[in-house]
Amino acid sequence: MLRFIVRRMVQLIGVVLVLSLLLFFWLRSLPGGPINALLGDRATPEQQEQLEQLLGLDQPLYVQYLRYMGRALQGEFGSSSSVIPGTDAFDVFLSRFPATIELAFFSVTLAIITAIPLGYFAARRRGRAVDNISIVASLVGIAVPVFFLAFLLKYYFSVKLGWLPVSGRQANLGCTRVTNFFILDGLLTREFDCSVSAVKHLILPSIALASIPFAVVFRITRASVLDVLHEDYVRTAEAKGLTARVIRGRHVLRNAMLPVLTIVGLQVGALLAGAVLTETVFSFPGIGEALALSFSARDYAVLQILILMSAVVFVVVNLVVDILYAVVDPRVRTS
Amino acid sequence: MAYSSTRPVADRDRPLLSVEDLTVTFGRQGEEPFRAVDGVSFTVRPGQTVGLVGESGCGKSVTSLAIMGLLPKRGNTVGGRVDFEGTDLLSLGDAELRNRRGKDLAMVFQDPLSSLNPVVPVGLQVTEVLERHRGMSRKAAMPVAADLLSRVGIPDPNRRVKDYPHQMSGGMRQRALVAIALACAPRLLIADEPTTALDVTIQAQILALLKELVEETGTALIMITHDLGVVAGLCDEVNVLYGGRIVERGPRHPIFREPRHPYTNGLLDSIPRLDTVGERLTPIPGSVADNLPWDHACAFAPRCSQPVEICTQTTPDLVTNGDRALRCHNPVEVPR
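Residues numbered from 1 in each chain as written. Chains lettered and ligands numbered in written order. Predicted model: local features only at pLDDT ≥ 70, side-chain atom pairs only at ≥ 80, totals over all residues. Heavy atoms only, no water.

A. Local environment of the overall build of chain A. Looking only at helices and strands, chain A has 14 helices and zero strands in total. Considered along the principal axes of its C-alpha atoms, chain A spans approximately 85 × 55 × 40 Å. Burial statistics for chain A: of 335 residues in total, 42% are counted as buried. Here the contacts in chain A between residues at least 6 apart in sequence split such that 72% fall between residues at least 24 apart. Total accessible area on chain A stands at roughly 17,000 Å², and carbon and sulfur atoms take up 67% of it. (Helix = DSSP H or I, 4+ residues; strand = E, 2+ residues; numbered from the N terminus. Buried < 20%, exposed > 50% of the residue type's maximum accessible area, 1.4 Å probe, protein only. Contact = heavy atoms within 4.5 Å. Areas by Shrake-Rupley, 256 points an atom, 1.4 Å probe, with all protein chains shown as cover.)

B. Seen up close, the pairing of strand S6 (residues 105-108) of chain B. Residues and elements named next belong to chain B. Because side chains alternate across S6, one face comprises the buried residues Leu-105 and Met-107, and the other comprises Ala-106 and Val-108, equally buried. Where S6 lies against strand S7 (residues 188-192), four bridges are found, and the strand directions are parallel. Looking across to S7, one finds that Val-108 is bridged to Ala-191. (Pairing = 2+ DSSP bridges.)

C. Broad picture of a negative patch on the surface. Residue and element names in this part refer to chain A. Among the surface-exposed residues, Glu-46, Glu-49, Glu-52 and Asp-58 lie close enough to one another that they form a single negatively charged patch. Looking at the secondary structure, you find Asp-58 in the loop between helix H3 (45-55) and helix H4 (61-73). Residue classification places Asp-58 among the partly exposed positions, given a relative accessible area of 41%. (Patch = residues over 30% accessible without salt bridge, like charges linked within 9 Å, V, L, I, M, F, W, Y side chains within 5 Å. Salt bridge = Lys/Arg side-chain N within 4 Å of Asp/Glu carboxyl O. Lys, Arg positive; Asp, Glu negative; His and termini not counted. Charge placed at Lys NZ, Arg CZ, Asp CG, Glu CD.)

D. Representation of a nonpolar patch on the surface in the model. Residue and element names in this part refer to chain A. The grouping of Phe-147, Phe-148, Phe-151, Leu-152, Tyr-155, Tyr-156, Val-159, Val-166 and Leu-277 at the surface amounts to a nonpolar patch, some 830 Å² of accessible area in total. Per-element tally for the nonpolar patch: the top contributor is helix H7 (residues 146-160), with seven residues. Considering the arrangement of structural elements, one finds Tyr-156 in helix H7. For Tyr-156, a relative accessible area of 44% puts it in the partly exposed group.

E. Quick look at the sheet that holds strand S5 (residues 87-88) of chain B. Residue and element names in this part refer to chain B. Spatial ordering of the open sheet is given by S2-S1-S4-S5, a layout of four strands whose pairing is antiparallel. Unpaired on one side and paired on the other, strand S2 (34-44) and S5 mark the two borders of the sheet. In this structure, strand S1 (residues 17-26) lies alongside strand S4 (residues 76-84), joined through eight bridges in antiparallel fashion. When the sheet's bridge partners are listed, Glu-20 is paired in S4 with Arg-81. Across the sheet, helix H1 (residues 60-68) lies against S1, S2 and S4, angled at about 110° from S1, the strand it touches most. (Axes fitted to C-alpha atoms, helices over the stretch in contact; angles between N-to-C directions.)

F. Layout of the nonpolar core. Residues and elements named next belong to chain B. The biggest cluster of nonpolar side chains holds 59 residues, and the ones touching the most others in it are Val-178, Leu-189, Met-223 and Tyr-263. Per element, the largest residue contribution to this core is eight residues, and it comes from helix H6 (residues 170-182). Non-local contacts of Tyr-263, meaning those with residues more than four positions away in its chain, are made with Gly-54, Glu-55, Val-240, Leu-241, Tyr-242, Val-247, Ile-284 and Phe-300. Grouped together as the second largest cluster of nonpolar side chains are 36 residues, Val-44, Leu-71, Leu-105 and Met-107 included. (Core = buried A, V, L, I, M, F, W, Y, C linked by side-chain atoms within 4.5 Å.)

G. Just a positive patch on the surface, in detail. A surface patch of like charges, here positive, comprises A:Arg124, A:Arg125, A:Arg126, A:Arg128, A:Arg245, A:Arg248, B:Arg28, B:Lys73 and B:Arg74. Examined against the element boundaries, B:Arg28 turns out to sit in the loop between S1 and S2.

H. A look at the pairing of strand S9 (residues 237-242) of chain B. All names here are of chain B. The element S9 is largely enclosed, with a buried count of six among its six residues. Burial along S9 is two-sided: the face carrying Glu-237, Asn-239 and Leu-241 and the face carrying Val-238, Val-240 and Tyr-242 are both buried. By the bridge criterion, four bridges tie strand S3 (residues 49-53) to S9 in an arrangement that is parallel. Along S9, the bridge assignment pairs Val-50 with Glu-237.

I. Main features of the interface of chain B and chain A. Every contact between the two is made by 30 residues of chain B and, on the other side, 26 residues of chain A. For the pairing of chain B and chain A, the buried interface totals around 2,400 Å² over both sides, and the portion due to carbon and sulfur atoms is 52%. Among the residues chain B hides against chain A, the three largest losses belong to B:Arg98, B:Val119 and B:Glu128. Together they make up 25% of the total. Counting across the interface, chain B meets chain A through four salt bridges. Here chain B is connected to chain A by 17 residue pairs in polar contact (both at pLDDT 80 or more). Secondary-structure elements contributing two or more residues to the side of chain B that touches chain A are H1, S6, helix H3 (122-134) and H6 of chain B. Sorting elements by how many residues they give to the side of chain B that touches chain A places H3(B) first, with six residues. In terms of residue class, the side of chain B that touches chain A is made up of 15 nonpolar, eight polar and seven charged. (Buried area = accessible area lost by both parts, 1.4 Å probe. Polar contact = N/O pair within 3.5 Å; in protein donor to acceptor, adjacent residues only side chain to side chain. Nonpolar A, V, L, I, M, F, W, Y, C, P; charged D, E, K, R; others polar.)

J. Inspection of the packing of aromatic side chains at higher detail. Residues and elements named next belong to chain A. For the coordinates displayed, the defined rule picks out 14 aromatic pairs over all chains. Ring geometry for Phe-24 and Tyr-65: centres 5.2 Å apart, planes at 70°, overall edge-to-face. Of the two residues, Phe-24 sits in helix H1 (residues 2-28) while Tyr-65 sits in helix H4, which places them 41 residues apart along the sequence. Judged on exposure class, the residue Phe-24 and its partner Tyr-65 are both buried. An aromatic cluster is defined as three or more aromatic residues linked by ring pairs; in this entry it consists of Phe-24, Phe-25, Tyr-65 and Tyr-68. When the ring centre of Phe-282 is taken as reference, the NZ or CZ atom of Lys-154 above it lies at 5.9 Å. Sitting above the plane of the Phe-182 ring, Arg-169 keeps its charged end 3.6 Å from the centroid. (Phe/Tyr/Trp six-rings, centres within 6.5 Å; stacked < 30°, edge-to-face > 60°. Lys NZ or Arg CZ within 6 Å of the ring centre and 35° of its normal.)

K. Representation of the domain arrangement of chain A within the structure. Residue and element names in this part refer to chain A. Along its sequence, chain A is organised into domain 1 (2-73) and domain 2 (90-329). Domain 1 and domain 2 are separated by 32 Å when their C-alpha centres are compared. If you look at the interface, domain 1 gives 20 residues, while domain 2 gives 16 residues. Both faces combined, the contact of domain 1 with domain 2 buries some 1,800 Å², and carbon together with sulfur accounts for 75% of it. The salt bridge involving Asp-322 is made with Arg-8; its shortest N-O contact spans 2.6 Å. Taken together, the connections running from domain 1 to domain 2 amount to two residue pairs in polar contact (both at pLDDT 80 or more). Residue assignment for the side of domain 1 that touches domain 2 shows that the elements contributing at least two residues are H1 and helix H2 (34-39). Element by element, the count of residues in the side of domain 1 that touches domain 2 is highest for H1, at 13 residues. Its residues assigned to classes, the side of domain 1 that touches domain 2 shows 15 nonpolar, three polar and two charged. (Domains from an automatic or database assignment.)

L. A look at unusual backbone geometry. All names here are of chain B. Phi is positive for Glu-85, which is not a glycine, with a value near 50°. Relative to the helices and strands, Glu-85 is located in the loop between S4 and S5. Although it is not a glycine, Glu-193 sits at a positive phi angle of roughly 45°. On the secondary structure map, Glu-193 appears in the loop between S7 and helix H7 (200-217). A relative accessible area of 7% means that Glu-193 is categorised as buried.

Rendered as structure tokens:
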């Protein structure tokens, strides 16, 4: 098992290196650039040249890349040009990361705790009302664009009904920061109103972001449970006279969860894409919003680190899923 | 010892299980209903081994699932009576039936490769029956499970209880399934083609094991098979099914020596014999798809070797004569 983890970690380094190279050249081949973004359209060619020299952008690309990598090894990832001007890009990432973790955690949890039970019951009551309604709901979840759902939720629950905050991550309560995980901070410092405010700010973005993972996990759970219900070992379990609860948990769900686990891992990757839209709509200061901002401003340094770290998170999450898979499925463990 | 039954020996002549006029009809809305089991009656006495024999689709598996209450909840109707020690199993609710399944009556299925849960250790799959019906803790049940595994001939049972099904061979898994079925010393065991998916040498081992355990524990056995060789080695009484009805019944030796129904005769003719050189096998022509409806004919008539006119006009009745019964207008006369 340890060997397996180490091997995956080495693979991760390879992924990061290749991706950094691709990103570096790809970003710089895009029209526009930091010079335009920083100086605006009215800058004179002399001013532009001056800034290019200052930032080292007049050098050939491979020189820029090697320089970048050299600094990166020393922990310098370049200064942000516009998201938080002058700050090191990695610090920008660190300041934004906890917000997205909170959001992603809430969304995934929400999706899982609703989709798995619903998927199970829909499969058990195949073709009846519960099943049909859930299938329609999951279709809506996939078909409605995330940003549109986000706008709808915001409009009804924040603007019209005024139940929940419109935007941001927390009300301005002068909360003490410890870890930058706002809910956790509130609990640690016993400023519970801070935690409550953070949770309130998370509800609508989480629902918007959970819509697609919910739909996908629901579908997979339902299909998987339907498959497992017809398995011979479920009939054996019934023939043993086991209680419905044991059959459901040990014999049906434990087997049906295997494909669901894989899908959840992949959905976490898709979540980052959804986070760009959701965070932008709710002005939620996380990675997604920072990605959108840095992209429009061609903030190369920030953009690079955000995309690279997203890739790292994706690989790590899938490593965790693979480990969990081995825990749940003995056939993977022993082969 | 898990196997030594402390029950008083039941009255050997009073049936343990009495199936009366069992019918199972499959059919969804807008479909022609299909009668898979059509008025089947037979009895099993304590300690007796009864065979249900027939080709695929004759209703033998459906009969066993109906007795166990394991048919799908929707899409079928079950009629008749399944009397087990004075209780009609068909009238029991789900909870009462669950209390009996695995304890009083148990079942071994056809395919050992898919009949064990792949993600649960084999030991736990044995102990869960003991936990459920004997109220044992898992810790107390584990040595009993190991003992059961050793009784069915699995070597090194203390290590094997921790194994997962994929770490065992097919024969080993079927042994484990037999151990699970016999864990609570049931009075009736139904074995639904328990050897079909196994190698010939393993088949013989499993059959010998079943025979031994059944004799040792006094468990009654319903053996469901298409293989008359299995019947010859194991069963006290044989019921031959065709098209959802019993067409012939009798004790093992008389049935083999002088089958009266052309179908039974055909089944015997289609078994290869090693003691006759150059003999050609005689298959039964056609398939169950050619069946006539029982309500105004003999279903077997289109495939029969000696049909007469009445066979396609009138339903033959099951006529009992001593310990044999026959449903045929024109039985085989010549003793083999």
